[in-house]
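# An overview of the molecular structure
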Number of protein chains: 2
Amino acid sequence: MYTIAVDCMGSDRGSVICVESIKTFLKRHSDCKIVAYGKKEELVELENLENVEIVDCSEVMSMTAGAIEAMRARNTSMYKSIVGVKDNGYDGVISAGGTAAFLTLATVKLKTIEGIDRAALVTLLPNQDGKLFTVLDVGANVETTSEQLVQFAQMGRIYSQKVLGVKEPKVYLLSNGAEDEKGSPEVKGANKLLREMNMPGFMGNIEGKEVVKGDQDVLVTGGYAGNIFLKTYEGVAKMMSNLIKRSFKKNLFTKIGYLFAKKGFDDLSAQMKNEKVGGAMLLGVNGVVVKSHGGSSTKDFTSAMEVIYQIVKADALNQIKEGVKENA
Amino acid sequence: MYTIAVDCMGSDRGSVICVESIKTFLKRHSDCKIVAYGKKEELVELENLENVEIVDCSEVMSMTAGAIEAMRARNTSMYKSIVGVKDNGYDGVISAGGTAAFLTLATVKLKTIEGIDRAALVTLLPNQDGKLFTVLDVGANVETTSEQLVQFAQMGRIYSQKVLGVKEPKVYLLSNGAEDEKGSPEVKGANKLLREMNMPGFMGNIEGKEVVKGDQDVLVTGGYAGNIFLKTYEGVAKMMSNLIKRSFKKNLFTKIGYLFAKKGFDDLSAQMKNEKVGGAMLLGVNGVVVKSHGGSSTKDFTSAMEVIYQIVKADALNQIKEGVKENA
């Protein structure tokens, strides 16, 4: 039996999103127990469900809370859900609340695992063939050393293997050029270290332009550049979708064209929406920590719950602990 | 009369691209003289043209030449064209050759202008409404200080005003969050400095996701993150175009849809191709330096020549020199 803590108060769209997701999730997975943190009166629908425990919380974490505010907000559902993992050994925790607060609390309360200096925020993105690849760090840290990038590479590789089932993941460092000597000092240093240790699957550097072609299974970057990479990737993809829609609305002929071409574009849309699957995971702390988008729909939040289930079931946390130890 | 030095040997597609471009360019601009650097036998078509001087060069700079190789390649057309600007005071120089070699030579030979520590590579990108904005640095430097980012902001602002004709350019720092306290240490420092000096038009930080919406006229970033931003922007835009084309080929109906919708998509294509206009400029050295893409077509190279013409005609270099002095 797996136990997952759910912060039910974080979503922009209210607790109903989380309540509905939990109901759907439990129908699918009888091997799971949910501990739901939130205002009791908003969670009544969960009261009589088997495998649900409700923890009444009087407060909601502010979406804009920084590190200090987060650490003080002890009565919030977010704070309590993370402490629940720490105190009770729950298998994982999920929230759609503010990223800064959630990352701070998860890192401070759960602590990084042995051999890992910093936790990394991980997400999955689709390449041009719709294949998902693993990117880390997309924003947990603004400064990263070469050694930390090596740790991210190791964690990303194990994640790709154990959770996504990629047998021999190809690991690349995001850089401003494909050659080994290209990059910021940290990236150059990480390249050198990874070459020296012969990390399995390490392929070298890759440029932002080549990433869409998708040879990489794992893309490793510092959090600052990683955040800019991710946001630009999502932003431009969205821009292009909007431009396509606008093109179709141009005149009567383009509107007729849309009716004929609709099927193809619906498939394209579905493929690009992959990027939203699962939100982001915080890798490197003593617990499985998943952050769903603040604006998640019930479908999105349910899908993020599926992600946490897969990670827990794959025993990814222990695999990463073991893997890091072996390489130390 | 303006004099522009053209390295005719850099293009992947051969000197014919540059020769054709020079012919077209001179038909349009009788106020310009071209000094064409290249193998004499490949430039015969230019021999009898008015306003063309040919400088015979026996060698071609290798596309992969690094800094040291570039500095030694004294007989190449690229080397000679840059030295030509230095020795003869030509107004500008353009090449489609290797970026690393060209940037090194331009920086070392022409030197940075007073008040500017480092030159920045500048390009224009279209936002979702097709409006072009100025981005710098997109890759001349892998490490940048806060003070250098401030200098980039100043140069970008003057460029936007004088060359693009934007009266009151809005200047943003690319960062991992919109708040002033978000960013790498350099970006945070630059934000603080720009606030303190009340730089006209400075709006604060902007995320990669918001850039496509295009409130910014000038986007300021260090070269490492800037390169990743630019390449991701171009890569994802290209990926989406390819996916659209693939969607249309799906079946008979989508193919019919394409025939109807074609006009709308041709406009979209044209709009996105804006990104290729002009290649990139190196701002901050004593000379107008434009780098055209290695794979430039005649149309692309001609358009890059138009860019250099506009910059020269706007007297942008002196405007930047004056502007930087005023703010010092």
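Located above this text is the structure these notes cover.
This write-up is about the structure you can find in this document. (Residues numbered from 1 in each chain as written. Chains lettered and ligands numbered in written order. Predicted model: local features only at pLDDT ≥ 70, side-chain atom pairs only at ≥ 80, totals over all residues. Heavy atoms only, no water.)

Moving on to the interface of chain B and chain A. Listed as interface residues are 50 residues of chain B and, on the opposing side, 50 residues of chain A. Taken over both partners, the interface formed by chain B and chain A buries close to 4,700 Å², and the fraction arising from carbon and sulfur atoms is 72%. Counting the contacts that link chain B with chain A gives 4 salt bridges. A salt bridge links E234(A) to K209(B), with the shortest nitrogen-to-oxygen separation between them at 2.9 Å. At the boundary of chain B with chain A, the tally comes to 6 residue pairs in polar contact (both at pLDDT 80 or more). Among the elements of the structure, helix 6 (185–196), helix 7 (208–211), helix 8 (223–248) and helix 9 (252–273) of chain B are those that each provide at least two residues to the side of chain B that touches chain A. Grouping the amino acids of the side of chain B that touches chain A by side-chain chemistry returns 24 nonpolar, 17 polar and 9 charged. (Contact = heavy atoms within 4.5 Å. Buried area = accessible area lost by both parts, 1.4 Å probe. Salt bridge = Lys/Arg side-chain N within 4 Å of Asp/Glu carboxyl O. Polar contact = N/O pair within 3.5 Å; in protein donor to acceptor, adjacent residues only side chain to side chain. Helix = DSSP H or I, 4+ residues; strand = E, 2+ residues; numbered from the N terminus. Nonpolar A, V, L, I, M, F, W, Y, C, P; charged D, E, K, R; others polar.)

Our next topic: the packing of helix 1 (residues 15–28) of chain A against helix 10 (residues 298–313) of chain A. All names here are of chain A. One can describe the packing of helix 1 onto helix 10 by two numbers: an axis separation of 9 Å at closest approach and a directional angle of 50°. When the interaxial angle is binned, helix 1 and helix 10 end up oblique. In this structure, helix 1 meets helix 10 at a crossing whose hand is right-handed. In this structure, helix 1 uses I17, C18, E20, S21, I22, T24, F25 and R28 to contact helix 10, whose residues at the interface are T298, F301, T302, M305, E306 and Y309. (Axes fitted to C-alpha atoms, helices over the stretch in contact; angles between N-to-C directions. Parallel < 35°, antiparallel > 145°, perpendicular 65-115°, else oblique. Left-handed = near helix turned anticlockwise from the far one by under 90°.)

Let us look at the environment of L252(A). Looking at the element boundaries, L252(A) is found in helix 9 (residues 252–273). C-alpha separation for the pair L252(A) and I206(A), spaced 46 residues apart in sequence, amounts to 44 Å.

It is worth spelling out the nonpolar core at this point. Grouped together as the largest cluster of nonpolar side chains are 209 residues, with contacts concentrated most on I22(A), I34(A), I22(B) and I34(B). Residues contacting I22(B), with those up to four places away along its chain left out, are V6(B), C8(B), I34(B), A36(B), L46(B), V52(B) and M305(B). (Core = buried A, V, L, I, M, F, W, Y, C linked by side-chain atoms within 4.5 Å. Buried < 20%, exposed > 50% of the residue type's maximum accessible area, 1.4 Å probe, protein only.)

Moving on, we get to the relation of the copies chain B and chain A. In this arrangement, two copies of a chain are superimposed by a rotation about an axis accompanied by a shift along the axis. Of the transformation placing chain B onto chain A, the axial shift is 0.0 Å and the rotation is 180°, giving an RMSD of 0.0 Å. With respect to symmetry, the two chain copies, as superposed, fit the operation of a two-fold axis. Residue G257(B), judged by its C-alpha, is the member of chain B lying nearest the rotation axis, at 1.9 Å. Most of the interface of chain B is mirrored in chain A, where 100% of its interface residues again form contacts. (Least-squares fit on C-alpha atoms with pLDDT ≥ 70 in both.)

With that settled, consider the packing of aromatic side chains. With the rule as written, the count across this model stands at 8 aromatic pairs over all chains. Between Y2(A) and Y309(A), the ring centres sit 6.2 Å apart and the planes meet at 75°, which makes this aromatic pair edge-to-face. In this pair, Y2(A) is assigned in strand 1 (residues 2–7) and Y309(A) in helix 10, connecting sequence segments 307 residues apart. Its relative accessible area of 23% is what places Y2(A) among the partly exposed residues. Aromatic side chains F229(B) and Y233(B) sit 5.5 Å apart centroid to centroid with 55° between the ring planes, which places their arrangement in the tilted category. (Phe/Tyr/Trp six-rings, centres within 6.5 Å; stacked < 30°, edge-to-face > 60°.)

Here we take up the side chain of D7(B). Residues and elements named next belong to chain B. With respect to the helices, strands and loops of the structure, D7 is situated in strand 1 (residues 2–7). Nearest to the buried, unbridged D7 among oppositely charged side chains is K291, at 8.7 Å. Among the polar contacts made by the side chain of D7, one reaches the main-chain amide nitrogen of M9 at a distance of 3.1 Å. Residue contacts for D7: discarding those within four places in its chain leaves C18, Y37, S77, M78, S81, I94 and S95. (Lys, Arg positive; Asp, Glu negative; His and termini not counted.)

Residue and element names in this part refer to chain A. What the rule picks out here adds up to 24 salt bridges over all chains. Two residues, K23 and E45, come together in a salt bridge whose shortest N-O distance is 2.3 Å. In this pair, K23 sits in helix 1 while E45 sits in the loop between strand 2 (32–38) and strand 3 (52–56), placing the two residues 22 residues apart along the sequence. Under the relative-accessibility criterion, K23 is labelled partly exposed at 23%. For E45, a relative accessible area of 47% gives the class partly exposed. When salt bridges with common partners are traced through the structure, they connect E20, K23 and E45 into a single cluster.

Take helix 1 (residues 15–28) of chain B next. Residue and element names in this part refer to chain B. For helix 1, which comprises 14 residues, the first-to-last C-alpha distance of 20 Å matches the rise-based estimate of 20 Å (1.5 Å per residue) to within 8%. Turning to helix 1, its buried residues number three or more, namely S15, I17, C18, V19, S21, I22, F25 and L26. Buried residues belonging to helix 1 abut strand 1, strand 2 (32–38), strand 3 (52–56) and helix 10 (298–313). (Expected span 1.5 Å × (residues − 1).)

What follows is about the packing of helix 8 (residues 223–248) of chain A against helix 8 of chain B. Orientation of helix 8 of chain A relative to helix 8 of chain B, taken along the N-to-C sense of each, is 35°, at an axis distance of 9 Å. Crossing of helix 8 of chain A over helix 8 of chain B shows right-handed handedness. Across the contact of helix 8 of chain A with helix 8 of chain B, the residue classes tally to 22 nonpolar, 4 polar and no charged.

What follows is about unusual backbone geometry. The phi angle of most residues is negative, glycine excepted, and most peptide bonds adopt the trans form. All names here are of chain A. Following L136, the chain continues to D137 via a peptide bond in cis, the omega torsion being -5°. Within the secondary structure, D137 is located in the loop between strand 6 (132–136) and helix 5 (146–162). A positive phi angle, close to 65°, is found at K111, a residue other than glycine. Positionally, K111 belongs in the loop between helix 4 (99–110) and strand 5 (120–126).

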